[in-house]
Amino acid sequence: DDAIDLGTSGARFKNLRLSGNVIFHSGNGLDFSATSDSSGSMSSELLDDYEEGTWTATVNYGTSSGTSATLANSGGTYTKIGRLVTAHAFVNVSNTNSGSGNVYVGGLPFTVADLIASTGAEASGIISYYTAFSSAVNSLRPRAENSTKFMTIDCNTSATQTAATTLTAAIMGTGEIRLTITYFA
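This structure is a prediction, so every number in the text was calculated from the model and none was measured.

1. Some remarks on the pattern of salt bridges
Phase 1: If you walk through the whole model with that rule in mind, you get 3 salt bridges.
Phase 2: Its salt-bridge partner being Lys80, residue Asp49 comes within 2.3 Å of it at the nearest N-O pair. In this pair, Asp49 is assigned in the loop between strand 2 (46-47) and strand 3 (50-55) and Lys80 in strand 6 (residues 70-81), connecting sequence segments 31 residues apart.
Phase 3: Of the residues examined, Asp49 reaches a relative accessible area of 24% and is grouped as partly exposed.
Phase 4: Two residues, Arg143 and Asp154, come together in a salt bridge whose shortest N-O distance is 2.9 Å.

Okay, structure coming up:
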């Protein structure tokens, strides 16, 4: 058990064709080390993680742990390949519970990595649908900060798009949002 290699550096196989799965023991994966062609610094070339699942999106106001909104509906799915996470969510606020301040969508399935020096913004995404807001907005876009499991939403409150702001409880009210965000864990 665990004592025989398939091929060597001087005697390699060309293609691998299987009728079943390739199963790796924990901590092992696909090693791409022979393709070191990046000009930046690399921390890993081992693909050792794939995961799909669901997560529950939350909405809080003022801070990520501030007043909680009552949600008529909330749901989320995610796919994680290596360190790259793509998360989708839907939230439908039925009551703001007198919350005020910025809207925080929380519950991300993994903590956002701290990769880009001198900036807290580590992830962005798209809002594919929104409706029933208390105030008119456009150009909504989710943003996540490093070392967190939540996001805020940037938006514009004027047609000229010169009034960029963060989405607040007063602007959103009892609205609905569908979003996708991609980030490194």
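2. Regarding the side chain of Asn156
Phase 1: With respect to the helices and strands, the residue Asn156 is situated in strand 11 (residues 150-156).
Phase 2: Within polar-contact distance, the side chain of Asn156 engages the side chain of Arg141 at 3.3 Å.

3. A few points about the layout of surface pockets
Phase 1: The calculated volume of the largest pocket comes to roughly 600 Å³.
Phase 2: Around the largest pocket, the lining comprises 16 residues; the ones closest to its centre are Ile4, Asp5, Leu6, Gly7 and Leu16.
Phase 3: Taken together, the residues that form the lining of the largest pocket break down as 6 nonpolar, 4 polar and 6 charged.

4. So, the packing of aromatic side chains
Phase 1: Scanning the entire structure with this criterion turns up 3 aromatic pairs.
Phase 2: On the basis of an interplanar angle of 85° and a centroid distance of 5.4 Å, the ring pair of Tyr78 and Phe110 is categorised as edge-to-face. With Tyr78 in strand 6 and Phe110 in the loop between strand 8 (103-106) and strand 9 (121-131), this residue pair connects regions lying 32 residues apart in the sequence.
Phase 3: Seen in terms of ring centroids, Tyr104 and Phe150 are 5.4 Å apart; in terms of plane orientation they differ by 70°. Their pairing is edge-to-face. Linking Tyr104 in strand 8 with Phe150 in strand 11, this pair joins segments that are 46 residues apart in sequence. A single burial state applies to Tyr104 and to Phe150, both of which are buried.
Phase 4: Here the basic side chain of Lys80 rests over the ring of Phe110, its NZ or CZ set 5.2 Å away from the ring centre.
Phase 5: The lysine or arginine in question, Arg178, covers the ring of Phe90, its NZ or CZ lying 4.4 Å from the ring centre.

5. Thoughts on the pairing of strand 4 (residues 58-61)
Put simply, side chains in a regular strand alternate between the two faces of the sheet.
Phase 1: Note that strand 4 and strand 8 share 4 bridges and pair antiparallel. When the bridges of strand 8 are listed, Asn60 appears paired with Tyr104.
Phase 2: Note: strand 4 against strand 5 (residues 67-68), 2 bridges, orientation antiparallel. Following the sheet pairing, Asn60 is matched in strand 5 by Ser68.
Phase 3: In this structure, the hairpin formed by strand 4 and strand 5 is closed by a connection of 5 residues, where Gly62 is found at a positive phi of approximately 85°.

Reading guide: rules and limits
Residues numbered from 1 in each chain as written. Predicted model: local features only at pLDDT ≥ 70, side-chain atom pairs only at ≥ 80, totals over all residues. Heavy atoms only, no water. Salt bridge = Lys/Arg side-chain N within 4 Å of Asp/Glu carboxyl O. Helix = DSSP H or I, 4+ residues; strand = E, 2+ residues; numbered from the N terminus. Buried < 20%, exposed > 50% of the residue type's maximum accessible area, 1.4 Å probe, protein only. Polar contact = N/O pair within 3.5 Å; in protein donor to acceptor, adjacent residues only side chain to side chain. 1 Å grid on protein atoms, 1.4 Å probe; cavity = no way out; pocket = protein on both sides within 12 Å on 5 of 7 lines; lining within 4 Å. Points joined across faces, edges and corners; volume = space filled by probe spheres on them. Nonpolar A, V, L, I, M, F, W, Y, C, P; charged D, E, K, R; others polar. Phe/Tyr/Trp six-rings, centres within 6.5 Å; stacked < 30°, edge-to-face > 60°. Lys NZ or Arg CZ within 6 Å of the ring centre and 35° of its normal. Pairing = 2+ DSSP bridges.

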